[in-house]
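One letter stands for each residue in the lines below.
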Amino acid sequence: MRNISKILIIFLIMSPNFTNSEESMFMSDDDSKKILSMLKENKKPMSNNLKVTGIVFIDEANWIVWINNTPYSSIGENGDFSIDEVSESEVVITKNDGKTLTLSVD
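Residues numbered from 1 in each chain as written. Predicted model: local features only at pLDDT ≥ 70, side-chain atom pairs only at ≥ 80, totals over all residues. Heavy atoms only, no water.

A.B. asks: It is not clear to me how the nonpolar core should be interpreted in this structure. Could you clarify?
C.D. replies: A general feature of soluble globular proteins is that nonpolar side chains tend to end up buried together. Core analysis: the biggest nonpolar cluster contains 13 residues, and Val52, Val65, Ile67, Phe81, Ile83, Val91 and Ile93 have the highest contact counts within it. Among residues more than four places away in sequence, those in contact with isoleucine 83 are Trp63, Val65, Ile67, Tyr72, Ser74, Ile75, Gly76, Asn78, Val91, Val92 and Ile93. (Core = buried A, V, L, I, M, F, W, Y, C linked by side-chain atoms within 4.5 Å. Buried < 20%, exposed > 50% of the residue type's maximum accessible area, 1.4 Å probe, protein only. Contact = heavy atoms within 4.5 Å.)

This is the structure in structure tokens:
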């Protein structure tokens, strides 16, 4: 199975459309530049849909919460939102637009 994957990768690289990202399955040049710019500035793209993907709660001072698969361990601002409160099953956040949300683990 690995050999087939290697052959497919080699085939894609040798394909005439490989260098033209607009016509391939890869990102456009503009999208690549935006992502590289965010990485250089140490920013992560944040989707509009915030989802709690996990909570490890010991007490109010000791916890880790995963929002969109990114771990956070302190109250306060975290880029596009701030964490206001964490419990065993819920996280209260405030987005930069001022909207407060209560998120729970699905």
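A.B. asks: What's the story with the environment of tryptophan 63 in this structure? I'm lost.
C.D. replies: For tryptophan 63, the position within the fold is in strand S2 (residues 62–67). The class of tryptophan 63 is buried, set by a relative accessible area of 7%. It is 7.9 Å that separates the C-alpha atoms of tryptophan 63 and valine 86, two residues lying 23 residues apart in sequence. Filtering out sequence-adjacent residues up to four positions away, tryptophan 63 remains in contact with Val56, Phe57, Tyr72, Ser73, Ser74, Ile75, Ile83 and Val86. Of note is the side chain of tryptophan 63, whose polar atom sits 3.2 Å from the backbone oxygen of glutamate 60. (Helix = DSSP H or I, 4+ residues; strand = E, 2+ residues; numbered from the N terminus. Polar contact = N/O pair within 3.5 Å; in protein donor to acceptor, adjacent residues only side chain to side chain.)

A.B. asks: How should I be thinking about the sheet that holds strand S3 (residues 70–72) in this particular structure?
C.D. replies: Hydrogen bonds between backbone groups are what pair the strands of a sheet, and the pairing can be parallel or antiparallel. Pairing is antiparallel in the open sheet, where three strands are placed in the order S1-S2-S3. Unpaired on one side and paired on the other, strand S1 (52–59) and S3 mark the two borders of the sheet. Put simply, the sheet's adjacent strands are angled 15 degrees from each other on average, direction ignored. Bridging between S1 and S2 involves six bridges; their strand directions are antiparallel. Along S2, the bridge assignment pairs valine 52 with isoleucine 67. (Pairing = 2+ DSSP bridges. Axes fitted to C-alpha atoms, helices over the stretch in contact; angles between N-to-C directions.)

A.B. asks: How should the side chain of threonine 94 be read in this particular structure?
C.D. replies: Checked against the element boundaries, threonine 94 lands in strand S6 (residues 90–95). Polar contacts involving the side chain of threonine 94 include one to the side chain of threonine 100, which spans 3.5 Å. The residues touching threonine 94, leaving out its near neighbours within four places in the chain, are Phe81, Ser82, Asp84, Lys99 and Thr100.

A.B. asks: Explanation requested: a nonpolar patch on the surface in the structure shown.
C.D. replies: The grouping of Val56, Ile58 and Ile64 at the surface amounts to a nonpolar patch, some 270 Å² of accessible area in total. Looking at where isoleucine 64 falls in the secondary structure, it is placed in strand S2. Here isoleucine 64 falls in the partly exposed class, since its relative accessible area comes to 34%. (Patch = residues over 30% accessible without salt bridge, like charges linked within 9 Å, V, L, I, M, F, W, Y side chains within 5 Å. Areas by Shrake-Rupley, 256 points an atom, 1.4 Å probe, with all protein chains shown as cover. Salt bridge = Lys/Arg side-chain N within 4 Å of Asp/Glu carboxyl O.)

A.B. asks: What should I look at first to understand the pairing of strand S5 (residues 81–86) in this one?
C.D. replies: On any regular strand, side chains alternate: one points to one face of the sheet, the next to the other face. Pairing of strand S4 (residues 76–77) with S5, which is carried by two bridges, proceeds in the antiparallel orientation. Its bridge partner being in S5, glutamate 77 is matched across the sheet by serine 82. Turn length for the S4-S5 hairpin, with the two strands adjacent in sequence and antiparallel, is three residues, and the turn residue glycine 79 shows positive phi of about 90 degrees. Two elements, S5 and S6, share five bridges in a ladder whose sense is antiparallel. When the bridges of S6 are listed, glutamate 85 appears paired with valine 92. Count of turn residues in the S5/S6 antiparallel hairpin: three residues.

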